[in-house]
Amino acid sequence: MQKEKLLMIPGPSPVHPRIINSLSLPTVSHVSPVLVEELKEALANLKKIVFCEKGEPFIVAGAGTLAMEMAILNTVGKEESFLVLSQGFFGERMDQIARSFGLDCDIIECEWGKAVLPEELEQKLSEKEYAAVTATHVDTCTGACAPVKDYAEVLKKHDVLYIIDGVCATGGIEERIDDWEVDVVLTAAQKCFGAPPGLSILVLSEKAVDKRRSMEKIPAYYSDVLRWLPIMKDPSKYFSTPCVNEIRAFYESTRIILEEGIERRFLRHERVAKAIRAALVELGFSLFTQEPFLADTLSVVKYPEGVEDKSFRSTYYENGIVVAGGLGETAGKVFRMGHMGNLSISQVYFALNALERTLSTLGYKFEAGSGLKAAKVILGE
Ligand SMILES: *Cc1c(COP(=O)(O)O)cnc(C)c1O
């Protein structure tokens, strides 16, 4: 058997043994009391994680992209428009989803490594009426984190639904549905929840559900939240067979989050991100993402002179760590390192050790142990 590698890609993130073990629980009937109870609790926990009291949570077989599609189709009608705030790859995907369904959509883009500013949003809202605005919290391609709370302040002044693509953030970076008046947070199981891929996850505000109710017909069947709502309220009902084992694993992942404490989890993400970056910079790497937009969940890192992308990533892999290459214009120039979900501090040290070993193998000159030392200053362990 191949030795297991530590996944430090921008998702899936490392799956905690407790979650892996829960995957081996029996495949019970989807309407059995066991599953009904676990799904109910998973839904309740999910609401706690996004600080939502009154909204409606949804857990549906799929992935982040299906959750994006569901968010749009259930809130934007044929005669309406929505606005995408895009800082990279996944904002563009929102735009493509709109096109696929013939929905009218405008997009504000920005230079890669930055995010759209709240003033630009304000300006656009004064020019045209939108049914919804979508923002990517963290773009997995550029490592840029959007000022989603500042957007919320702008949007509170307008009658428009606020949709956050939290696929690379929810459960790792703060998102508050009630306080910020967010209408949809969408995500997937495999990023900051640290569960295996396979679930589309959404929490809708009451306002968003009302909006869906006000639309007579939408171009969706499986993705129609009104078909799922009765199941989420009472999981002993049937609409379409849920992925029983994946739900049991996701339930375990929400328990781990609440045991750690949501606020503490956010803080851990922040500290780990700072420590990893301090080590990388100490070793001569630099960050692709602009300083004010650095995300706590992943880093997009530029190589120093003399370190070549392919040999770096393959040697790092041999040393136990999987990182991802750059996409589009950044291909060959950067690597992307995820540090989200249930990544432990000892795994961070393991990864930094492996990084120094990798650089030595590649013949790169640096002071041995200096990266680790820089990380230790921040982690204090
Ligand atoms: C990963 C990701 C997605 C897509 O999720 P899939 O599960 O791969 O469909 C969407 N948005 C963001 C911000 C992501 O990071």
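Residues numbered from 1 in each chain as written. Predicted model: local features only at pLDDT ≥ 70, side-chain atom pairs only at ≥ 80, totals over all residues. Heavy atoms only, no water.

## Re the pairing of strand β3 (residues 81–86)
For step 1, the next point in the chain: Most of β3 sits inside the fold, with 6 of its 6 residues counted as buried.
For step 2, the next point in the chain: Side-chain alternation along β3 places Ser81, Leu83 and Leu85 on one buried face and Phe82, Val84 and Ser86 on a second face that is also buried.
For step 3, the next point in the chain: Considered for its hand, the β-α-β crossover made up of β3, helix α4 (residues 89–100) and strand β4 (residues 104–109) is right-handed.
For step 4, the next point in the chain: Note: β3 against strand β5 (residues 132–136), 4 bridges, orientation parallel. Its bridge partner being in β5, phenylalanine 82 is matched across the sheet by alanine 132. (Buried < 20%, exposed > 50% of the residue type's maximum accessible area, 1.4 Å probe, protein only. Helix = DSSP H or I, 4+ residues; strand = E, 2+ residues; numbered from the N terminus. Right-handed = clockwise from strand over helix to strand, strands pointing away. Pairing = 2+ DSSP bridges.)

## What to know about the site of the ligand
For step 1, the next point in the chain: Neighbouring the ligand are 13 residues; Gly64, Thr65, Thr140, Asp165 and Lys191 lie closest to it.
For step 2, the next point in the chain: With respect to the ligand, the side chain of aspartate 165 contributes an N or O atom lying 2.7 Å from a nitrogen atom.
For step 3, the next point in the chain: A distance of 2.8 Å is found between an oxygen atom of the ligand and a side-chain nitrogen or oxygen belonging to glutamine 190.
For step 4, the next point in the chain: Here the ligand loses 88% of its free accessible area of 380 Å² to cover by the protein chains.
For step 5, the next point in the chain: A total of 3 residues in the shell around the ligand trace back to one element, the largest contributor, which is helix α3 (residues 64–73).
For step 6, the next point in the chain: For the shell around the ligand, the per-class residue count stands at 6 nonpolar, 5 polar and 2 charged. (Near = heavy atom within 4 Å. Polar contact = N/O pair within 3.5 Å; in protein donor to acceptor, adjacent residues only side chain to side chain. Areas by Shrake-Rupley, 256 points an atom, 1.4 Å probe, with all protein chains shown as cover. Nonpolar A, V, L, I, M, F, W, Y, C, P; charged D, E, K, R; others polar.)

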